[in-house]
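Chain residues, written in single-letter form:
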Amino acid sequence: CNDTISGDGACVCDSGWSGSSCDVCAPDFFGPSCTSCPSCGDHGTCNDTMSGDGACVCDSGWSGSSCDVCAPDFFGPSCTSCPSCGD
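Residues numbered from 1 in each chain as written. Predicted model: local features only at pLDDT ≥ 70, side-chain atom pairs only at ≥ 80, totals over all residues. Heavy atoms only, no water.

## Topic: the state of the cysteines
Reasoning step 1: On inspection of all chains with the given rule, the structure shows six disulfides.
Reasoning step 2: Across the disulfide, Cys-40 is cross-linked to Cys-56 (sulfur-sulfur distance 2.1 Å). Taking the sign of the S-S torsion, about -90 degrees here, the bridge from Cys-40 to Cys-56 comes out left-handed. Of this pair, Cys-40 sits in the loop between strand S4 (35-36) and strand S5 (44-46) while Cys-56 sits in strand S6 (residues 56-58), and the two are 16 residues apart along the sequence. When sorted by exposure, Cys-40 lands in the same class as Cys-56, which is buried.
Reasoning step 3: Covalently, Cys-70 is tied to Cys-79 through a disulfide, its sulfur atoms 2.1 Å apart. Disulfide Cys-70-Cys-79: torsion about the S-S bond near -95 degrees, hence left-handed.
Reasoning step 4: Looking at Cys-70, the relative accessible area reads 28%, which means it is partly exposed.
Reasoning step 5: Residue classification places Cys-79 among the buried residues on the basis of a relative accessible area of 5%.
Reasoning step 6: Within the chain, bonded cysteines paired by disulfides and numbered along the sequence follow the pattern 1-2, 3-4, 5-7, 6-8, 9-10, 11-12.
Reasoning step 7: Cysteine Cys-82 shares no disulfide, and the gap to the nearest cysteine sulfur, in Cys-85, comes to 6.6 Å.
Reasoning step 8: Among the residues examined, Cys-85 registers a relative accessible area of 69% and is labelled exposed. (Disulfide = S-S within 2.5 Å. Helix = DSSP H or I, 4+ residues; strand = E, 2+ residues; numbered from the N terminus. Buried < 20%, exposed > 50% of the residue type's maximum accessible area, 1.4 Å probe, protein only.)

Here is the structure:
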C-alpha cells in the first residue's frame, strides 16, 4: 500500500501483478503465478492473463515458438503467402 503521508492508499503490486488489488496479471505475464511471457519477436503476441498459457500467438504467415519462421505455404523475409501453383 502507498501509505506515506502523501500516499493515496493504492496497492503497490509486485512484478507481474496488476489491478487495484494486485489480483490480475500485468500485460506480458501469464498463469496463476503471473509468470513473465517469453519473447514472441516482432510477429507474435504472448497468450497472457491469468488464464493464458504463455504460448506465442503468431501473426498470419508466421510460425515457431517465437514466431520467427514462415508458416507452411509462406515464404521470404516477410513470410508472404505463396501463389497458387496448381496441382
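So that's the structure; there's more coming.
## Considerations on unusual backbone geometry
Reasoning step 1: Backbone geometry at Thr-49 places phi at a positive 85 degrees, although glycine is not the residue there.
Reasoning step 2: Positionally, Thr-49 belongs in the loop between S5 and S6.
Reasoning step 3: Despite not being glycine, Cys-67 has its phi angle at roughly 55 degrees, a positive value.
Reasoning step 4: Its place among the elements puts Cys-67 in the loop between strand S7 (62-63) and strand S8 (69-70).

## Considering the confidence of the model for the chain
Reasoning step 1: Per-chain confidence: the chain averages 93 in pLDDT, with 99% of residues scoring 70 or above.
Reasoning step 2: No element of the chain has a lower mean pLDDT than strand S1 (residues 17-18), which averages 95, and none a higher one than S7, which averages 98. (pLDDT = per-residue confidence, 0-100.)

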